[in-house]
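Structural description and commentary
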Amino acid sequence: MGEVSWPSESELNSVKKKVAEMSGRDAKEVRVVVSPYRISPLGAHIDHQGGTVSAMTINKGILLGFVPSNDSQVVIQSGQFKGEVRFCVDEIQLPKNAIKLNNLNQQNGYGPGEECSWGNYSRGAIYALRKSGNHIRRGITGFIDGAEGLDSSGLSSSAAVGVAYLLAFESSNNLIVDPEENIEYDRLIENEYLGLKNGILDQSAILLSSYGYLTCMNCKTKEHKLVQAPEINSQYNLGKNMKFKILLAFSGLKQALTTNPGYNRRVTECQEAARILLQASGNEWLEPLLSNVASEVYDKHKCKLDPILAKRAEHYFSENKRVLNGLDYWASGNLEEFGKLISASGLSSIQNYECGSEPLIQLYKILVKAPGVYGARFSGAGFRGCCIAFVDANRALDATSFVEKEYTMLQPELASQINGGKVVLICDAGDCARVI
Ligand code: GLA
């Protein structure tokens, strides 16, 4: 495996020091979960329909320092959010109306990021572990910290946080859990505890990725493979002249996915399209997921879908093809063609999945014409947050100045709120989540 530049010793030490202060224990006893953010160059919005996705992690993410408690108490503080989370592991039950959790917190006077909203992820982790039959007796004293100055919207911060808590509680309770089980546990946190109808792309990328590979996941069969790009990888091993960098361009728009009705609505639209297509082909007994519809059935019966459902289905079927073609280009080190597919995927998100917002669409259009950019698209759910691009490593700085100048001209107010006007962050690939 090549070298991953994150986390640095000083980042690890500062989290350990904080936990030592909170718990009165020695900093040497503090364990740290490293949970990276993910990007998905191809395979957007098809995971919840059982499609095939591609992903990798980046060298930025969440650090969760913790020590096991002597009892069932959980005490957590955050580097980003106010308040302290305190509960006992045996208190956790499924909230009566999961979908309303975040809204409820806001009505009760909590801001979206404050306790008890941010504490729901640790509670959700206990819920998922216990629901799956694990014996959780010990809590943790922990400190969770996101990458400094980085707005993580669109980079799967929720899954990175959920996975971090799962790994910390498992480590504290001496549980050996494989990544596949943790993918399911994180699904329980997000789908059941938080009420989001999302797929398993995010946590699969975080748990399965390996530095120097593209992770490919079939979200229906749950089979995955790691695809190495020979040419690109030999450059990783040299540790210099990496052919590409990952460019993150932030829109300045922030909103929790659980409070945005657009995501769940589109999932329902895809299911409705699947239901109509399955019925038309005499397969109504199958679960209404687009992955249960053969592409010939789609071609034959797509005329039966109303215009909105037809667009959602078109995104699904065209995106699956882009993923499969993209893997071949990636494996042969052809970043030019791989990049063109990423931009085509971005366009399909705008035209067929209709999930952008004006600032994100502007960013996408700027990125695809920026110097050295192979391809770009919205990251994550694509209603807020950021766009990602693969960019020629030698031209990353030119691309950065171009994007910052153009976006600041179009959205001066939003741009000024991002990290003091730093719209762009250049990153490298990362590794999987782990406890160190
Ligand atoms: C969010 C969801 C994922 C996936 C992406 C879009 O990140 O959490 O499950 O649907 O959006 O690809």
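Residues numbered from 1 in each chain as written. Predicted model: local features only at pLDDT ≥ 70, side-chain atom pairs only at ≥ 80, totals over all residues. Heavy atoms only, no water.

1. A closer look at the overall build of the chain
- In terms of helices and strands, the chain carries 14 helices and twelve strands.
- Carbon together with sulfur atoms contributes 49% to the accessible area of the chain, which is approximately 17900 Å² in total. (Helix = DSSP H or I, 4+ residues; strand = E, 2+ residues; numbered from the N terminus. Areas by Shrake-Rupley, 256 points an atom, 1.4 Å probe, with all protein chains shown as cover.)

2. Side note on the site of the ligand
- For the ligand, the full set of nearby residues is Arg38, Ala44, His45, Asp47, Asn198, Gly199, Leu201, Asp202, Tyr263, Gly380 and Ala381.
- Side-chain polar atom of Asn198 to an oxygen atom of the ligand: 2.9 Å apart, as the coordinates give it.
- In this structure, an oxygen atom belonging to the ligand sits 3.3 Å away from a main-chain N or O atom of Ala381.
- Relative to its free-state accessible area of 310 Å², the ligand is covered by the protein chains to the extent of 97%.
- Taken together, the residues of the shell around the ligand break down into four nonpolar, four polar and three charged.
- Inspection of the shell around the ligand shows a minimum of three residues originating in each of domain 1 (9-222) and domain 2 (240-429). (Near = heavy atom within 4 Å. Polar contact = N/O pair within 3.5 Å; in protein donor to acceptor, adjacent residues only side chain to side chain. Nonpolar A, V, L, I, M, F, W, Y, C, P; charged D, E, K, R; others polar. Domains from an automatic or database assignment.)

3. So, the environment of His315
- Relative to the helices and strands, His315 resides in helix α10 (residues 307-331).
- On the accessibility criterion, His315 (0% relative accessible area) is buried.
- In this structure the C-alpha to C-alpha distance between His315 and Ser345, which are 30 residues apart in sequence, comes to 8.4 Å.
- Looking at His315, its side chain comes within polar contact range of the side chain of Ser348, at 2.7 Å. (Buried < 20%, exposed > 50% of the residue type's maximum accessible area, 1.4 Å probe, protein only.)

4. Looking at the confidence of the model for the chain
- In this model, the chain carries an average pLDDT of 89, and 89% of its residues clear a pLDDT of 70 or more.
- Counted against residues more than four places away or in other chains, residues 99-115, with its pLDDT under 50, gives 31 contacts.
- Under a pLDDT of 50 for its full length, residues 236-241 has, in the predicted model, eight contacts with residues more than four places off or in other chains. (pLDDT = per-residue confidence, 0-100. Contact = heavy atoms within 4.5 Å.)

5. Describing the pairing of strand β5 (residues 140-146)
- Of all the seven residues making up β5, six are buried; the element is thus mostly covered by neighbouring parts of the structure.
- When strand β2 (residues 52-68) meets β5, the two strands line up antiparallel, connected through seven bridges. By the bridge assignment, Leu64 is partnered in β5 with Ile144.
- By the bridge criterion, four bridges tie strand β3 (residues 73-78) to β5 in an arrangement that is parallel. Across the sheet, residue Val75 finds its bridge partner in β5, namely Thr141. (Pairing = 2+ DSSP bridges.)

6. Brief notes about the layout of surface pockets
- Of the volumes computed, that of the second largest pocket is approximately 310 Å³.
- Every residue lining the second largest pocket is counted, 17 residues in all, and those nearest its centre are Asp47, His48, Asn198, Gly199 and Leu289.
- Counting only elements with at least two residues in the lining of the second largest pocket, the list comes to α5 (179-193) and α8 (261-280).
- Of the residues contributing to the lining of the second largest pocket, the split by class is four nonpolar, seven polar and six charged.
- A domain-level breakdown of the lining of the second largest pocket finds at least three residues from each of domain 1 (9-222) and domain 2 (240-429). (1 Å grid on protein atoms, 1.4 Å probe; cavity = no way out; pocket = protein on both sides within 12 Å on 5 of 7 lines; lining within 4 Å. Points joined across faces, edges and corners; volume = space filled by probe spheres on them.)

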